[in-house]
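Chain by chain, the residues run as shown.
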Amino acid sequence: MKKSILIFIVLLSSFAAIAQKSISGIIIDAESKESLPFANIYISKTKGTITDAEGKFTLNLKKEITSIKVSYIGYKTVTIPVEQNITYLKIRLQPTQEALDAVVLYNKENPALQIMRDAIDRKKDNDPERKLNSFKLNAYNKLLVTANPDSINGQIDSIYTKKDGKLVFKEVDSSNYSFKKDLTRSHIYMTEKVSEVSFSSSKGKREKILATRMAGFKEPIYEILGIKIQSFSFYNNRYELFGTEYPGPMANNALSKYNYKILDTVSNNNRESYMIYYSPQKKGKTSGLEGILYIDRESYALQKGIAEIKGVIDIKAVQNFDYNSTFKVWFPTDKEIQIRKGKTDDSVSLFGQAVSVSRGTPQDSTKTFRTNKQDVDNFVYLSSKTKNFDLKINEPVKIRGRGLAIEIEDQAHNRDEAYWNKFRTDSITKRGKETYVVLDSIIAEDGVEKDIYLARKLLKGYYPTKYVDLDLRYLVKYNNYEAFRLGLGGVTNANFSTKYRLNGYGVYGTRDKDFKFGVGAAARLDKRTQTWFGMSYTDDLVETGSSRFITDRRAFSLFEPRLFNIDLFYETRRLTANIEHQVTAKTHANLMISKSNVESTYDYGFVKGGEIFNSYEITEATLSVQWNPFSEYMQTRHGRNEIKRGFPQFAFQATRSFDGLFGGNFNYTKFDARIVHEIRPIDKGVTTFLVKGGLGLGDIPISHLYHTSPNNPNKDVLLQRFSIAGRNSFETMYFNEFFSDKYAMVQAKHKFKPFKITRGFRPELTLISRFAIGDAKDIERHLGQNFDSLKHGFSESGFEINKLFAGFGLSFMYRYGAYHLPKFEDNLSFKFTYYFSLGF
């Protein structure tokens, strides 16, 4: 059970919460009976709480009180007596015509709108990241998944079934008893983190993690450290909660996204603030942000921000600010986020995906009866608290490099207790210490850490051993030239060395009866910039007309759709030397010099200066740059990871071939460019765009021309062409039909939300349209191969219905326009698709 709970935590599913000894209640309008969100409740002059978005509240009391005071703008303030044994209050407020003394109404406009306009207009004077030149602070974070043991009914449960109208004893259930016993000893889960946050107006903000500890794990799960649980500030145009971005309530366009209402005026540090409630103007399919902004009456800066999401999961985020009189700025001091089980069926977005729960009655609920009806799910909650301290403002700050969001020190996971005690702003209790002891033992016994490590490697296409990760890409493939391509590959891992890397592979084609191989080695020259120098040698096949950006990161998939139908390859023996370098965290560059010997596996000759080349030497220099300005990256001791994939993304590559250098036969220059963009509104499907082009100048043989990714087998009958659809390939363009020395292509896709037909059957519809145009100079120089150019423009459109069964689906595409073929069925493509999914 513990192991299941831990996996459940890692995947961050739904949670629930419970308070301590408390008084709860609701505040409503005495006339309309509607609840009053975010009303002020005071138990003293300086202590109290506010109601939530549904007008409900909970007071956690450490000592007895005799009364509470309730205030809400537009209603009479009341003092309610509290009897000793009272646990629930329903408070009715009477409307009044009172108004804020300092608010002036112009043309009867909602006064909250003018306050918000002023607050938004003055962001440049109030937002610490705009007003200040630099700042530096330390932050301590503690995350708990827990419950109050006193709230759990530890009674052993008796379960009965109904038979012939009578209750018949079935079994004893002690799960609540065991759960309460475990909670008394330790929390369900716990993590701690100490960070140094630095900011400069020229280089932005960076978090350096000095210490981190996750219960049960010797080394942290870095992917979880990369999750942005809560934004640093409410001032940003986008506010992020658990990987989902929402329009910020103080964004430049916030007035068109939210409704605002003044609730009250309150005092903080002897400065008054407007208490303004905000809620979405339009209700979406998933719950949006609503909450409270405390706007300083003097400067219109933010004193405090609250954001809530209500649905199948309830999320509440709070951020407090303190006024720094020296620099005249309200600066964030602490923040907290809580997740608990929700009370409605409204979907909630986590990590950009909608989370919904079917609340149907369990199938056997009418057949079984329990003596203890308490559901412990209603008593568990997640709480993450962060406290900022040791703040330094406008002092020199050193941030090496640009664009890196998170940097984790190599020894962050090995800090001793003395180190932790220097930074803890919230002492660790005996129950907290025991959490580490219990979970360290359970996870070690169950092998959870090894399972997670293995899963992480498998998802990247590796099977790990102690020093070498076996490369699963080489195990088995199929194409029309080699038939089955069987082999094995591997690369050394961090246990072997973090500074040096060796790799190699060997494969054998069952049809061409030929062995191919590749070997390589690389050395890291600089850790911070991830500068590597490497050399490699390959003796293998390459698809004719293919091109790739050498900055592209490794990609792994169970299927490589186009590979099945390719039959035009050339053999190459290639020696390369390259140096790759992170110009910034968001800009990756690779410079490669290569010498290749090329021989065609098909009848081909290239004419140059009256000479026909059937085989040839090519000496190339290639510079490639990948720029992802909106992505975020994290540096760990294992390397650099993309923790947030932002769009658009840009790639550029220039290649120069030299005639006469190291025996090279041709002079040519190639320029390639690519733009990838993705639009992903919350719970509304995904729209993607791909724009790609290339320009080649000089003497370019067919092996190095562009084929624009055709994927239609050269068969006469439609069903004979039934194969696997690619991701970004032209499905109605026949293999070897077109080659170009210059081209441009555009692809647009829109994937709709899955159709919820049944719980296990949720197909996805994707609309697709593609267009390519290009040309080939002096086609007559290419002997033995007949092909056309794309000078009139090639068009196709269609759709996919994906995940019909076990990840498989169907693709339908139609060819039209200038290259429409006379026979109708020759313009059609009917194939199957495959999309691998883990189901979360």
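Calculation notes
Residues numbered from 1 in each chain as written. Predicted model: local features only at pLDDT ≥ 70, side-chain atom pairs only at ≥ 80, totals over all residues. Heavy atoms only, no water. Helix = DSSP H or I, 4+ residues; strand = E, 2+ residues; numbered from the N terminus. Buried < 20%, exposed > 50% of the residue type's maximum accessible area, 1.4 Å probe, protein only. Areas by Shrake-Rupley, 256 points an atom, 1.4 Å probe, with all protein chains shown as cover. Contact = heavy atoms within 4.5 Å. Pairing = 2+ DSSP bridges. Axes fitted to C-alpha atoms, helices over the stretch in contact; angles between N-to-C directions. Polar contact = N/O pair within 3.5 Å; in protein donor to acceptor, adjacent residues only side chain to side chain. Phe/Tyr/Trp six-rings, centres within 6.5 Å; stacked < 30°, edge-to-face > 60°. Lys NZ or Arg CZ within 6 Å of the ring centre and 35° of its normal. Salt bridge = Lys/Arg side-chain N within 4 Å of Asp/Glu carboxyl O. Parallel < 35°, antiparallel > 145°, perpendicular 65-115°, else oblique. Nonpolar A, V, L, I, M, F, W, Y, C, P; charged D, E, K, R; others polar. pLDDT = per-residue confidence, 0-100. Expected span 1.5 Å × (residues − 1). Core = buried A, V, L, I, M, F, W, Y, C linked by side-chain atoms within 4.5 Å.

Here we take up the overall build of the protein chain. Looking only at helices and strands, the protein chain has nine helices and 50 strands in total. Classification of the 840 residues of the protein chain by burial places 47% in the buried group. When the accessible surface of the protein chain is split by element, carbon and sulfur atoms take 53% of a total near 41,800 Å².

Below, the discussion takes up the side chain of Glu580. Positionally, Glu580 belongs in strand β33 (residues 569-584). Residue Glu580 is classed as buried on the basis of its relative accessible area of 16%. Here Glu580 is in contact with Arg501, Gln530, Thr531, Trp532, Arg553, His588, Ala589 and Asn590, once residues within four sequence places are set aside.

We now examine the sheet that holds strand β2 (residues 40-42). Two orientations exist for strands paired in a sheet by backbone hydrogen bonds: parallel and antiparallel. The sheet built from four strands is open, its strands ordered β3-β2-β5-β6 with antiparallel pairing. Edge positions in the sheet fall to β3 (48-50) and β6 (78-81), since each has one partner strand and no second. Adjacent strand axes in the sheet meet at a mean angle of 20 degrees when their direction is disregarded. Taken together, the three bridges between β2 and strand β5 (residues 67-71) define a ladder with antiparallel strand orientation. Considered in β5, the bridge of Asn40 is made with Ser71.

Following Phe647, the chain continues to Pro648 via a peptide bond in cis, the omega torsion being 0 degrees. Phi angles above zero are rare outside glycine, and Gln530 is one such case at about 50 degrees. Turning to its location among the elements, Gln530 is positioned in the loop between β31 (515-526) and β32 (531-543). Looking at Gln530, the relative accessible area reads 14%, which means it is buried. Although it is not a glycine, Lys803 sits at a positive phi angle of roughly 60 degrees. A relative accessible area of 26% places Lys803 in the partly exposed class.

A separate point is the pairing of strand β15 (residues 258-268). For a regular strand, the rule is simple: side chains alternate between the two faces of the sheet. Summarising the sheet, β15 and strand β16 (residues 271-280) pair through ten bridges and their orientation is antiparallel. Bridged to Asn268 within β16 is Arg271. Remark: two residues form the turn of the hairpin made by β15 and β16, two consecutive strands paired antiparallel; Asn269 in that turn has positive phi of roughly 55 degrees.

Below, the discussion takes up helix α2 (residues 111-121). Within α2 the residues assigned to the buried category are Ala112, Ile115, Met116, Asp118, Ala119 and Ile120. Of the surrounding secondary structure, the elements contacted by the buried residues of α2 are α3 (123-126), β15, β16 and β17 (290-296). Its side-chain oxygen at 3.0 Å from the backbone nitrogen of Ala112, Asn110 defines the N-terminal cap of α2.

Quick look at the sheet that holds strand β47 (residues 782-783) now. The strand order β36-β35-β47 describes an open sheet built from three strands, whose pairing is antiparallel. Edge strands, defined here as strands with exactly one partner in the open sheet, are β36 (611-613) and β47. One ladder, built from two bridges, connects strand β35 (residues 605-608) with β47; its direction is antiparallel. Bridging from a neighbouring strand, Gly605 pairs with Leu783 of β47.

Now for the packing of aromatic side chains. Within a pair of aromatic rings, the relevant descriptors are the distance that separates the centres and the angle that separates the planes. Counted by the stated rule, this structure contains 37 aromatic pairs. Note on Phe135 and Phe199: the rings are 4.9 Å apart at their centroids and 20 degrees apart in plane angle, and the pair reads as stacked. Highlighted residues: Phe135 in strand β8 (residues 134-146) and Phe199 in strand β11 (residues 189-200), separated in sequence by 64 residues. Looking at Phe135, the relative accessible area reads 0%, which means it is buried. Geometrically, the ring pair formed by Phe606 and Phe666 is edge-to-face, given 5.4 Å between the ring centres and 90 degrees between the ring planes. Of this pair, Phe606 sits in strand β35 while Phe666 sits in the loop between β40 (649-657) and β41 (668-679), and the two are 60 residues apart along the sequence. Linked through ring pairs, Phe722, Phe799, Phe808, Phe812, Phe830, Phe832 and Tyr834 together constitute an aromatic cluster. The ring centre of Tyr706 lies 4.6 Å from the NZ or CZ of Lys670, which sits over that ring.

This part takes up the pattern of salt bridges. Scanning the entire structure with this criterion turns up 50 salt bridges. Of the charged contacts, one joins Lys193 and Glu207 as a salt bridge, the two residues approaching to 3.1 Å between their closest N and O atoms. Here the residue Lys193 occupies a position in strand β11, and Glu207 occupies one in strand β12 (residues 204-214), the gap between them amounting to 14 residues. For the pair formed by Lys193 and Glu207, the shared burial category is buried. Ionic pairing is found between Lys823 and Glu825, a salt bridge with its closest N-O pair at 4.0 Å. A residue is classified by how much of its surface remains accessible, and Lys823, at 47% relative accessible area, is partly exposed.

So, on to the packing of helix α5 (residues 175-185) against helix α8 (residues 430-446). Geometrically, a packed helix pair is captured by the angle between its two axes and the distance between the axes. Relative to each other, α5 and α8 sit at 115 degrees, their axes nearing to 8 Å. What the angle tells us is that α5 and α8 run roughly perpendicular. The residues of α8 that touch α5, namely those facing Leu183, Thr184 and Arg185, are Arg431, Glu434 and Val438. By residue class, the composition of the contact of α5 with α8 is two nonpolar, one polar and three charged.

Taken over all residues, the pLDDT of the protein chain has a mean of 87, while the share at 70 or more is 90%. Confidence scores differ between elements of the protein chain, with helix α1 (residues 2-10) showing the lowest mean pLDDT of 45 and β40 the highest of 98. When the criterion is pLDDT under 50, residues 99-107 qualifies, and its contacts beyond four places in sequence or with other chains add up to 13 contacts. Note on residues 359-366: pLDDT is under 50 here. Beyond four places in sequence and across chains, it has six contacts.

This brings us to helix α9 (residues 448-459). Taking 1.5 Å of rise per residue, the twelve residues of α9 would be expected to cover 16 Å, and the 16 Å separating its terminal C-alpha atoms lies within 8% of that figure. Regarding α9, the residues found buried are Val448, Ile452 and Lys457. Gly461, located one to two residues past α9, shows a positive phi value of around 90 degrees.

Turning to the nonpolar core, a few remarks are in order. Most often, soluble globular proteins have nonpolar side chains that are buried together. The biggest cluster of nonpolar side chains holds 67 residues, and the ones touching the most others in it are Leu241, Ile276, Leu289 and Ile295. Tallying contributions element by element places α2 first for this core, with five residues. If sequence neighbours within four positions are ignored, Leu289 has contacts with Tyr239, Leu241, Tyr246, Pro247, Tyr258, Tyr278, Ser279, Pro280, Ala307, Glu308 and Ile309. One finds Leu59, Tyr75, Tyr277 and Tyr294 within the second-largest nonpolar core, a separate group that totals 28 residues.

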